[in-house]
Amino acid sequence: VFSLSSLCPLQVELHVHLDGSIKPETILYYGRKRGVPLPADTVEELKNIIGMDKPLSLPGFLAKFNYYMPAIAGCREAIKRIAYEFVETKAKEGVVYVEVRYSPHLLANYKVEPMPWNQPKGDITPDEVVYLVNQGLQEGERDFGVKVRSILCCMRHEPSWSSEVVELCKKYRHQTVVGIDLAGDETIDGSSLFPGHVKAYEEAVKNGIHRTVHAGEAGTAERVKEAVDNLKTERVGHGYHTVEDEALYKRLLENNMHFEVCPWSSYLTGSWNPDTEHAVVRFKRDQANYSLNTDDPLIFKSTLDTDYQMTKQKMGFTEEEFKRLNINAAKSSFLPEDEKRELLALLYKAYGMPPAASGGMLL
Ligand SMILES: [Zn+2]
């Protein structure tokens, strides 16, 4: 199924959810082992039930997680294994550096209120979830040769979790955690300004924790403005609807804001109307700072190559643009400056760009 993308020799991915990237085989294994009922018995059936082929509403999309998260959440072995297997999958896709994100609370079953996925109470805290994911990612890094960092997600509908999320970012920085995110349903009224989220992002700024926010995906340009002005985000998750506010878009272009674009995801979630020009086409035309990402490959039945093929075949993207956007992704990654330079050097070499020619692009 997986193949090295022929469209770009080395890729950087900045927006992908760990809990949206689990192997169906692993879900079935832990469903059976733990006696957690699943809607299917075979990999093919499970893929068809969890996966999407055509656009669904946001609630329809979010319902997918209810099917399989109970098989993984609250199990030490499963949590570590999905992190490890994630790195293996990215290695097969030709990814050289990836930032993977997840909500520690949604994988926990102790000291988490309300309890996610109707699990019985157990003994795995959000803190231990981060510890386990870090272990899986670090072992994966060693075994598969992909550089991996992680981002911890606050959830729009649970602002009471956010202070712990930022504390976990502080505790586990240097052990893969490089940033904070705000995920979930951005159409929840006023959710960018819930004090729990605002305070967590203030704490992140104070402590030099990098910040991204899901905004302007299903929501309007106003959500993007809030993410930038109130949450001081450094990158925008999706951000397609930014282009509907020309003044805001112009300001973000001037500030070199990075957009984490997920093309195939935007089609399946209906956040992009296929009768209109995709925002990424505008980003390309304006030579904006953006990356291409899978978001939730389990649910979208995709690999990173799906997103590259879609932009190449439907939107006329060239190899030159793929190289440019990956260099921008590396520059906008949440790595420290010295590691960023190393990553950029790798890309320049793989892309056949001599240091002299890429001089203007060096940090
Ligand atoms: Zn996302």
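Quantities reported herein were computed from a predicted structural model and do not represent experimental measurements.

Q: Before we go on, may I ask you to explain the coordination of the zinc ion in this structure?
A: Ideal coordination angles are 109.5 degrees for a metal with four donors arranged tetrahedrally and 90 or 180 degrees for a metal with six donors arranged octahedrally. Distances from the zinc ion to its protein donors, His 15 (NE2), His 17 (NE2), His 214 (NE2) and Asp 295 (OD), fall at 2.1 to 2.4 Å. Note that the zinc ion binds four donor atoms; their angles at the metal cover 85 to 173°, and the shape is irregular. A relative accessible area of 0% means that His 15 is categorised as buried.

Q: I'm lost on the UniProt feature "domain: Adenosine deaminase" (unreviewed entry) in the protein in this one. Help?
A: When the UniProt feature table is mapped onto this chain, "domain: Adenosine deaminase" (unreviewed entry) is found at residues 12-349. Secondary structure content for residues 12-349 is 49% helix and 14% strand, and the end C-alpha separation is 14 Å.

Q: How should the nonpolar core be read in this particular structure?
A: Buried together is how nonpolar side chains tend to be arranged in soluble globular proteins. Ranked by internal contacts, the top residues of the largest apolar core, which has 112 residues, are Val 12, Ile 27, Tyr 68, Ile 180, Val 280, Phe 283 and Tyr 290. Non-local contacts of Val 12, meaning those with residues more than four positions away in its chain, are made with Val 96, Tyr 97, Leu 292, Asn 326, Ala 329, Ala 330, Leu 343 and Leu 347.

Q: Please clarify how the packing of helix α8 (residues 221-229) against helix α9 (residues 246-254) should be interpreted in this entry.
A: The angle between the axes and the distance between the axes are what describe a pair of packed helices. Look at α8 against α9: their axes get within 10 Å of each other, and the N-to-C directions meet at 40°. Relative to α9, the element α8 is oriented oblique. You can see that α8 and α9 cross each other, and the crossing is left-handed. Taking contact as the criterion, the partners of Ala 221, Val 224, Lys 225, Val 228 and Asp 229 in α8 are, on α9, Leu 248, Arg 251 and Leu 252. The class makeup of the residues in the contact of α8 with α9 is five nonpolar, no polar and three charged.

Q: Is there a simple way to explain the pairing of strand β1 (residues 11-17) in this structure?
A: Most of β1 sits inside the fold, with seven of its seven residues counted as buried. Taken together, the five bridges between β1 and strand β2 (residues 95-102) define a ladder with parallel strand orientation. Looking at the pairing, Val 16 lines up with Val 100 of β2.

Q: Teacher, can you tell me more about the pairing of strand β8 (residues 289-292) here?
A: Every regular strand shows the same layout, with side chains that alternate between the two sheet faces. Where burial is concerned, the two faces of β8 agree: the one with Asn 289 and Ser 291 and the one with Tyr 290 and Leu 292 are both buried. Two elements, strand β7 (residues 258-261) and β8, share four bridges in a ladder whose sense is parallel. Within β8, the residue paired with Phe 259 across the bridge is Tyr 290.

Q: I tried to follow the side chain of Glu 321 on my own but got confused; where do I start?
A: With respect to the secondary-structure elements, Glu 321 resides in helix α14 (residues 319-331). Judged by relative accessible area, Glu 321 falls into the buried class, the value being 6%. Ignoring any residue separated from it by four or fewer positions in sequence, one finds Glu 321 in contact with Lys 284, Gln 287 and Tyr 290.

What counts, and where the lines are drawn
- Residues numbered from 1 in each chain as written.
- Predicted model: local features only at pLDDT ≥ 70, side-chain atom pairs only at ≥ 80, totals over all residues.
- Heavy atoms only, no water.
- Donors = N, O, S within 2.8 Å, 3.2 Å for Na, K, Ca; no water.
- Tetrahedral: all angles 85-135°; square planar, octahedral: opposite > 155°, others 65-115°.
- Buried < 20%, exposed > 50% of the residue type's maximum accessible area, 1.4 Å probe, protein only.
- UniProt positions renumbered as here; feature names shortened; annotations may be inferred.
- Helix = DSSP H or I, 4+ residues; strand = E, 2+ residues; numbered from the N terminus.
- Core = buried A, V, L, I, M, F, W, Y, C linked by side-chain atoms within 4.5 Å.
- Contact = heavy atoms within 4.5 Å.
- Axes fitted to C-alpha atoms, helices over the stretch in contact; angles between N-to-C directions.
- Parallel < 35°, antiparallel > 145°, perpendicular 65-115°, else oblique.
- Left-handed = near helix turned anticlockwise from the far one by under 90°.
- Nonpolar A, V, L, I, M, F, W, Y, C, P; charged D, E, K, R; others polar.
- Pairing = 2+ DSSP bridges.

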